[in-house]
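Now for the letters of each chain:
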Amino acid sequence: MFFRRKKNSDEHRYYLLPGQGRGNRRKRKQQFFWACIAGSIIAVLVGAAMWLVNNPPR
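Here we summarise the structure given alongside this text. Remember, it's a predicted structure, so these values are computed and weren't measured experimentally.

**Considering a nonpolar patch on the surface**
Then step 1. Together, Phe33, Trp34, Ile37, Ile41 and Leu45 line one region of the surface with nonpolar side chains, adding up to about 530 Å² of accessible area.
Then step 2. Along the chain, isoleucine 37 falls in helix H1 (residues 22-54).

**Looking at the packing of aromatic side chains**
Then step 1. One pass over the structure, following the stated rule, counts one aromatic pair.
Then step 2. Look at phenylalanine 33 and tryptophan 34: their rings are 5.2 Å apart centre to centre, the planes differ by 75 degrees, and that puts the pair in the edge-to-face class.
Then step 3. Given the relative accessible area of 51%, tryptophan 34 is considered exposed.

Conventions adopted
- Residues numbered from 1 in each chain as written.
- Predicted model: local features only at pLDDT ≥ 70, side-chain atom pairs only at ≥ 80, totals over all residues.
- Heavy atoms only, no water.
- Patch = residues over 30% accessible without salt bridge, like charges linked within 9 Å, V, L, I, M, F, W, Y side chains within 5 Å.
- Areas by Shrake-Rupley, 256 points an atom, 1.4 Å probe, with all protein chains shown as cover.
- Salt bridge = Lys/Arg side-chain N within 4 Å of Asp/Glu carboxyl O.
- Helix = DSSP H or I, 4+ residues; strand = E, 2+ residues; numbered from the N terminus.
- Phe/Tyr/Trp six-rings, centres within 6.5 Å; stacked < 30°, edge-to-face > 60°.
- Buried < 20%, exposed > 50% of the residue type's maximum accessible area, 1.4 Å probe, protein only.

This is how it looks when you write it as structure tokens:
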């Protein structure tokens, strides 16, 4: 009779560190959204400032 050695189930086990789950994805998505909003606002303000410097009001 042959005796097989059981496969080591720990070999393919991995662990998620705190902050790597669903909550992290939601948090990063929210941060990306607000970063895009802030970037758009800053781009509009810088563009308006550049336009005003080059085209002063009469």
